[in-house]
Each structure stands twice: as structure tokens, then as C-alpha cells.
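Close look at the chain arrangement
Listed below are the residues making up each chain.
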Amino acid sequence: MEKTDFISFIHEYQQRLCSILEAEDGVTKFTTDEWRRSEGGGGITRVMENGRVIEKCGVNTSAVHGPVSKALSQQLQTQGGSSFFACGVSVVVHPLSPMIPTAHANFRYFEMYDDKGNVIDRWFGGGCDLTPYYLFEDDVQHFHDTFKNSGGQFYPAFKKQCDEYFFNKHRGESRGVGGIFYDYMRGEPAYWFDFAKKNADAFIEAYLPIVRRRKNEEYSERHLRWQEIRRGRYVEFNLIHDRVTLFGLRSGGRTESILMSLPPRVRFEYHDAPAAGTEEAKLLKTLTHAPG
């Protein structure tokens, strides 16, 4: 596998997924914003907003390269290497209805080079996770069953890593109900490339049936208020803990594209706590636990 193969994959997947989501929404179309990075490389940001089903969605691709700064080396948790190449596709879907969960997916590939441009390290990363506002256990089961099939022998370990990664340590809360997460997968590039493609397809199979099942359910201002509060937790995770977001910002990435993952409406209220016995309290009880 060459890096050009992964670049082709992320562009094909971006086009395919955008077409699927446009058809699902039925009203709004994606806008396309191509950008270049002065240090090297660039990307394609595609965003859909204010739809009938999807309030905000981004399907972004990037392929960037440049020198490895001290801050970037610390962020990548690697030793050595004078320059890098990184490419990936990142997906975030924030539906309009609080009955439909937010979903996220990311698949990426990195190379590190010595002073002469020789590859001295390369690895794959990725994952998909679900962030509901109201807990429908059949939706959660379907999402996990899909990745259990696509992840094979790695599903238990990658599920555990997802639970540990998407955790707001400062609050003792999971961001959502998990999925899979993996990083720094080295060796057998053809295998891990195929693994990324399988799980990219699985994301569509895992998420779209949930959207179709929940998009016509009724909701009230109370439900929207809770959605905005939980979206605030999503913002906290992305800006404090998320390695992909921090890598993008510290590598000189395009800020507008990186922060595309943030929801359009959020609410921060002091010491908000749902009443006991409510559906909101049920979700919070599920999310409040030790990671793993």
C-alpha cells in the first residue's frame, strides 16, 4: 500500500457518504470548500447545515505534510523523525432531532521521515462512536453489533479503547455509548488499509438505520434543552481531550475545518442535573462510570 492509495480511499468515501447523507436529508446539500496549507498539503471540507434531518454535518478529508515541531512530536507520542505525512477522513453528524444520536467516524494514516525523506515509521488509526441524547437500547445494540462483525477479533480490545478514549475525565462521564477506537497500528499495511475500508462501510451500516428509525419521532423543547446540554459535553471533550482535534490545531491545520466537529447549538448551565426517574437521568446514569 502506498499513501496515494489511502488518499484515493478517503476521497471516494467522502463523495459516497455525502451523497448518502444528502439523500437521507432530502432538503439540504453539502457545500465544498477546498483549502491549501502553507506548510504543505491541503484538504476538502464538505459541510451540510440546517437540513430537515441533519442540523449540521461535516465530511472532511485532508492530506498534509511538513516538518515535525517539538509540540507536534509530543502530540504524536513518537520519537525521531524530521518530517511527517498525515491523511484522513473525518465525519461528524449532528442531527436536528434529539431522538437521533450524534455520530462520529475517523480513519487516518501517518508516515514519519528521516532527514533524507526515508520512511522510518507509519501507522493507521481510526474509529467510530455514537453519542445519544436519549437511550434506545436497540439502537446501541445495533451499532455495536455492526462493528463486532467488521472488527472481528479486534472488536473487544478496540471497544475497550473507545470507552477509555471518549471519556470526559474532568467530569467522570463517557461522551457517549462507544463503538471502536484504534491508533498506532503498525505492520501489515495492506491488512490495516483493508480494515479501515471495512469499518468505514460499517459506519454507514451502523448509523443510517438508526437515523431512519428515529427521524419521525416527536420531541419537545424539554428534549431540545437536554440535547443542547449534552452537546456541551461533546464540545468539552473535543477541545480538551481529542487527539485528532489537538493534532490538527498544533500542526498548523485549518481551524475552521478542524472545529467543524462542534455542534451548532449548545447550552452550559451551572450544575444542571436531571430529575430522578427521567429518561435524561437514565442516560446520565449509563454514562457516569469508570472508563473501560
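This text follows the structure it describes.
Definitions and cut-offs
- Residues numbered from 1 in each chain as written.
- Predicted model: local features only at pLDDT ≥ 70, side-chain atom pairs only at ≥ 80, totals over all residues.
- Heavy atoms only, no water.
- Helix = DSSP H or I, 4+ residues; strand = E, 2+ residues; numbered from the N terminus.
- Contact = heavy atoms within 4.5 Å.
- Axes fitted to C-alpha atoms, helices over the stretch in contact; angles between N-to-C directions.
- Parallel < 35°, antiparallel > 145°, perpendicular 65-115°, else oblique.
- Left-handed = near helix turned anticlockwise from the far one by under 90°.
- Salt bridge = Lys/Arg side-chain N within 4 Å of Asp/Glu carboxyl O.
- Buried < 20%, exposed > 50% of the residue type's maximum accessible area, 1.4 Å probe, protein only.
- Phe/Tyr/Trp six-rings, centres within 6.5 Å; stacked < 30°, edge-to-face > 60°.
- Lys NZ or Arg CZ within 6 Å of the ring centre and 35° of its normal.

**A look at the environment of S174**
Here S174 lies in strand 8 (residues 173-174). Taking the C-alpha atoms as reference points, S174 and E164, 10 residues apart in sequence, are found 8.3 Å from one another. Excluding its chain neighbours within four sequence positions, the residues that come into contact with S174 are F166, F167, R230, L287 and H289.

**Some thoughts on the packing of helix 3 (residues 137-151) against helix 5 (residues 189-214)**
At a minimum axis separation of 9 Å, helix 3 and helix 5 run at an interaxial angle of 165°. One finds that helix 3 runs roughly antiparallel with respect to helix 5. You can see that helix 3 and helix 5 cross each other, and the crossing is right-handed. Contacts between helix 3 and helix 5 pair D138, D139, H142, F143, T146, F147, S150 and G151 from the former with F195, K198, N199, A202, F203, E205, A206, P209, I210, R213 and R214 from the latter.

**Looking at the side chain of D242**
Tracing the backbone through its elements, the reader meets D242 in the loop between helix 6 (221-240) and helix 7 (243-250). Setting aside its immediate chain neighbours within four residues, D242 contacts Y165 and F237.

**A word on the pattern of salt bridges**
Scanning the model with the defined rule gives 28 salt bridges in all. Linking D183 and R243 is a salt bridge whose minimum nitrogen-to-oxygen distance equals 3.1 Å. One end of the pair, D183, is in strand 9 (residues 178-185); the other, R243, is in helix 7, with 60 residues separating them in the sequence. On the basis of relative accessibility, which here comes to 15%, the residue D183 falls in the buried class. Using a relative accessible area of 25% as the deciding quantity, one classes R243 as partly exposed. A cluster of three or more residues bridged by salt bridges with shared partners is formed by E55, R225, E228, R231, R265, R267, E269 and D272.

**Description of the packing of aromatic side chains**
Counting across every chain of the model gives 28 aromatic pairs. Residues F9 and Y13 carry aromatic rings whose centres are separated by 6.1 Å and whose planes lie at 35° to one another, so their mutual orientation is tilted. With F9 and Y13 both in helix 1 (residues 3-25), this residue pair falls 4 residues apart, about one helical turn. On the basis of relative accessibility, which here comes to 7%, the residue F9 falls in the buried class. Summarising the aromatic geometry, the rings of F154 and F195 are spaced 6.1 Å apart at their centres and angled 80° between planes, so their arrangement reads as edge-to-face. Taken as a pair, F154 in the loop between helix 3 and helix 4 (155-165) and F195 in helix 5 lie far apart in primary sequence, 41 residues in all. We classify F154 as partly exposed; its relative accessible area is 22%. One aromatic cluster is present, built from ring pairs that chain together F6, F9, Y13, Y109, F124 and F193. Between the NZ or CZ atom of K3 and the centre of the ring of F85, over which it lies, the distance is 4.7 Å.

**Here's the deal with helix 7**
Taken together, the buried positions of helix 7 are T245, L246, F247 and G248. One or two residues past the end of helix 7 sits G252, with phi positive at roughly 80°.

Honestly, that's just the spatial picture; any functional story needs more than this.
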